Amino acid sequence: MPMASEEYDGSLIPHLDLSGDSSTTTSENVRCFIPLCCVLISKYPYFETMKDCLSYMVHQIETGQDDMYTHIKLFTHKLTMTPVPPAGRVAIEFGIQDVSFIIRPSQEAEKQVIDIPLYLPFLIFPPEEILRIVSSILMEHRIVFIASNYALLTVVMESFLNFILPFEWKYTYVPILSSKSIELLDAPGTFMMGCHSKYKEQVNQVGGLVVVDIDEGSLSINPELAEDSRSSVSVDSDSIEDLLDIPEIPEGAAQLFLKVCRKAKFQFDLVDTQRPSHFDLKAERAYRKRKIQALNEFIVAGCLELMVNLFRSVVTETRVEFKRFNKQAYLDSKSGAEKSFYEQVLKTSMFKKFLKDRINDKTDYWVKLEVKTRPQAKISESGPSVPSRRPQLRKQNSIAIIPVNALSSQNSPVLRMPDIGNRVIDYLKDSIKLLTIAVQKSQHFQERASYIYLLGMFYLACNKLILALENFISLAAIDTQILPKQVVQQICQQLEETELQKLMAKPGFHALPDIVGPTVTESVIHSHKKFEESINLPQKDLYYDEFVECVSMLEMTSDTDTIGRLFRALTPSQIHQNFIDQETFASFTHCWKENSKQCLSLNVNEDDLLEAECVLKMSSLCKTDYGTGRVALTDRRLCFVKDISTEMREIMRLSKIEELEKKSMFSFLKQVKVLRIKNKDGSRFTAWLKEERDDFCLLIEEMWAGKIVCESTKDIHAIQKAAQNVLLVDALLQSGLDEETAHHNNREEAARQLCFYRKYREEGHHNVPQETKEVLQNRIDPNYGERERKTVHALLYTPGVPEHSISPRLWVGLGDGKIKVYNASHWLLESEFVQTKQSVQTSRKKLEIQGCVSFMAVCVNSCSFT
């Protein structure tokens, strides 16, 4: 096909002279151009959508070869002029002749688009192999996928990368290796690659590779080989010994994920046997699209559930305010085979990126699900429990949260884009008119945000910068997650300085600096800020401010009043000293950590512990009414653990204690200190605690008083604070046995000063009138866990929407600009806080409360008004 001699007229494809007249040329100088393939390139992974478009284009060319270039030009215009929808609910529909194509958005701003059939790996691999592949990816092994079908390589590998979200693979990723690139498999470093199964023999010669065979649905590990033994390697590497290098996914999370695997194993042919056949091609395509979309949503939810259950307890050991993660405490909370899994995964770069997001307090889809399904947020028989930052003896529970029918996207609106005529400017104007009407009619805020985003982009395409900025500012007031900040920055850079200053003076544009945010350089510097995993004790005496910092970082307590009492207890009473010496603080910290290790190392059956129950103190081996064993104090009850046994037997609940009696009894002609505990039902329990009787009794009294105050005043934080006091009092008493500590001579008096609820109960402050008891629901302290107490400036109650599973909430505005959100169903803190620029100002009618640092929730139905 010789090229025409006339000049290029600016059309998409140069005209070719197809007349066959080659009289003006000779055979030596004829250059032919034959189209081999058509490639679509996009930074968005719309695999199936682009495949459908190309398939239809091929169909059009095959049925009308004479108009091939017309078809190519039409497809090019359509695909390049159709916008990609932002994350949210609104999908984009465009048509090519009589066929429609739908571009669906990502569900979350932080997640990429999923446009592949995620159920295929569940048809290829057994559930156990899927878990092994996920584990090997999390361990950042060198992984190679092989298949006899090139198309399966990309689909399967992309599916597994979606399974591990929010973990992101940052290493070398090559879905398809060409025949000339097979030698890259022997390259150093971490990678994930794919190649044809005909190169399996070469793949098996590379030692240390994790080989995933898609054709056989299996995983194997190539043994490490010496350089001189490569020629004698056996290709049979599927022995069980090779698989031991990949740690197993912890059992609790794995068992729940196996249920997802069984439901995700979907076969269209099996379903087709019980439904009528579709003779309408459009109806059949629509049915398959809907079914695959529903399966994808179910699988994504199941995989996110797996990742939340695996790494839920990371939040417990993360201190956002100090940018620290207690790695050792996190590993100590794991036991058995699962500890090996976490020891390896904590070394990976993917986990460090995930941890950085947690330390920077990033609120993404993982955090939202973790907060929503947090086990500590459950209502137990003893009332609401407050999440604790202390490592729990009991393992973190795995929660199943997948809805039965995940069909949310099927009810999403679809925006049909106008047809592209001969002029692009007409298409842009028609799109702006369409989106303007959609914004005016939309009642759903997420849909409205998507329309405003698209409207701003079309104004930008028309070079109407001011109108584009107006829409992006409106978008920032609705949904900042989909706000294109880089686009806004580029618009501001194109505007003149005087024009930008005039805009800033207009109503609504004052928020522009906050929308633009920090410069790229500042954000890069902030993103590379390192965090520390270990906490080193200061090698000097501590003044009060330094003491507050250390106690907070060590997660002993964050309550200002408690820290103040602890500081006074650790300083000598006989001299006026305003610091704590280094030896005293080191001894106190050592005793506090040792008690935590002892409680965590307690070997008891998990089923013997209540939901979110925390062991606070274990006695020494002693004689009791139940035999020889140890007495355990938890935040809810007293228990007995028999010597050389894993069973925990309940002695009595804290709320059932009637009296604690210190006695002395004789044993082998020797007087022994005994603690007798009386139950309200008349029963008694006696423990021969000997020298630790008085200390153990003081700890029980503080925890018992905290329980009484909680029930009397409905203060849900009282039990948690009392548990913290018990840990601090125990460390104070144990460290006081050291003669080098400053509080050695008055350890008992210092411990009693630290027992806040014991004194609170003795003075009768917990007693409230009967009328108040009847209407009081909960006492909530929004300053709990804060180092400085702030007054409550505003309260806002939202009733919620039960039919949409939206709980009622109480929004609390504090004097420092923080807004805390409580779930009014069980009065637990739902969102840590939202930081505002200034003091809290609400647009609705607000309740001003001057000088208040906590508030009461009352039952209105029980109140009488006069």
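Please refer to the structure placed before this passage.
K.L.:
I'd like to hear about the overall build of the chain, residue by residue, with values.
P.N.:
Helices and strands together make up the secondary structure of the chain, namely 29 helices and 28 strands. For the chain, contacts bridging at least 24 residues in sequence account for 61% of all contacts bridging at least 6. As displayed, the chain offers around 45,500 Å² of accessible surface, 51% of which is attributable to carbon and sulfur atoms.

K.L.:
Please provide a residue-by-residue account of helix α22 (residues 544-553), values included.
P.N.:
Listed in full, the buried residues belonging to α22 are F547, V548, C550, V551, S552 and M553. Looking at the buried positions of α22, the neighbouring elements they touch are β8 (318-319), β9 (324-325), β13 (542-543), α23 (560-570), β14 (579-580) and α24 (582-600). Backbone geometry just downstream of α22 places E555 in the positive-phi region, at approximately 65 degrees.

K.L.:
Give a description of helix α15 (residues 424-441) that names residues and reports values.
P.N.:
Here α15 contains 18 residues, and its C-alpha end-to-end distance of 26 Å stays within 8% of the 26 Å for a straight helix at 1.5 Å per residue. Considered for burial, the residues of α15 that qualify are Y427, L428, S431, I432, L435, A438 and V439. Viewed end-on, α15 has its buried residues packed into an arc of 135 degrees, placing them on one side of the element. Exposed and facing more than 90 degrees away from the buried side of α15 are K433, Q440 and K441. In this structure, the buried side of α15 is in contact with α2 (68-81), β12 (414-416) and α16 (445-461).

K.L.:
I'd like a description of the packing of aromatic side chains, backed by residues and values.
P.N.:
Evaluation of the coordinates by the stated rule reveals 32 aromatic pairs. For the pair F122 and F257, a centre-to-centre distance of 6.5 Å together with 50 degrees between the ring planes defines the contact as tilted. Taken together, the residues F122 in helix α3 (residues 120-124) and F257 in helix α8 (residues 251-264) connect sequence positions 135 residues apart. Like F122, the residue F257 is buried in the burial classification. Their ring planes at 75 degrees and their centres at 5.9 Å tell us that F547 and F585 sit as a pair that is edge-to-face. With a gap of 38 residues between them, F547 in helix α22 and F585 in helix α24 connect regions that are remote in the sequence. As far as burial versus exposure is concerned, F547 and F585 are alike and both buried. In this structure an aromatic cluster arises from ring pairing among F167, F311, F325, Y330, F341, Y342, F351, F354 and W366. Its end group placed over the ring of Y365, K111 keeps NZ or CZ at 5.0 Å from the ring centre. Of note, K623 hangs over the ring of W688, and the distance from its end group to the ring centre comes to 4.4 Å.

K.L.:
Can you break down the nonpolar core residue by residue, with the values?
P.N.:
Of all hydrophobic cores here, the largest spans 73 residues; its most connected members are F145, F160, L310 and F311. With twelve residues, the single largest contributor to this core is helix α10 (residues 281-311). Membership of the second largest hydrophobic core comes to 61 residues, among which are L554, W592, C710 and A722.

K.L.:
Lay out the sheet that holds strand β2 (residues 99-103) in plain terms, naming residues and giving numbers.
P.N.:
Read from one edge of the open sheet, three strands run β2-β1-β12, paired in mixed fashion. What marks the edges here is a single partner per strand, and that holds for β2 and β12. Here the strands of the sheet are splayed against their neighbours by 30 degrees on average, with no regard to which way each runs. Across three bridges, strand β1 (residues 91-96) lies against β12 in parallel orientation. Across the sheet, the residue bridging to A91 is V414, located in β12.

Thresholds applied
Residues numbered from 1 in each chain as written. Predicted model: local features only at pLDDT ≥ 70, side-chain atom pairs only at ≥ 80, totals over all residues. Heavy atoms only, no water. Helix = DSSP H or I, 4+ residues; strand = E, 2+ residues; numbered from the N terminus. Contact = heavy atoms within 4.5 Å. Areas by Shrake-Rupley, 256 points an atom, 1.4 Å probe, with all protein chains shown as cover. Buried < 20%, exposed > 50% of the residue type's maximum accessible area, 1.4 Å probe, protein only. Expected span 1.5 Å × (residues − 1). Arc of directions from axis to C-beta. Phe/Tyr/Trp six-rings, centres within 6.5 Å; stacked < 30°, edge-to-face > 60°. Lys NZ or Arg CZ within 6 Å of the ring centre and 35° of its normal. Core = buried A, V, L, I, M, F, W, Y, C linked by side-chain atoms within 4.5 Å. Pairing = 2+ DSSP bridges. Axes fitted to C-alpha atoms, helices over the stretch in contact; angles between N-to-C directions.

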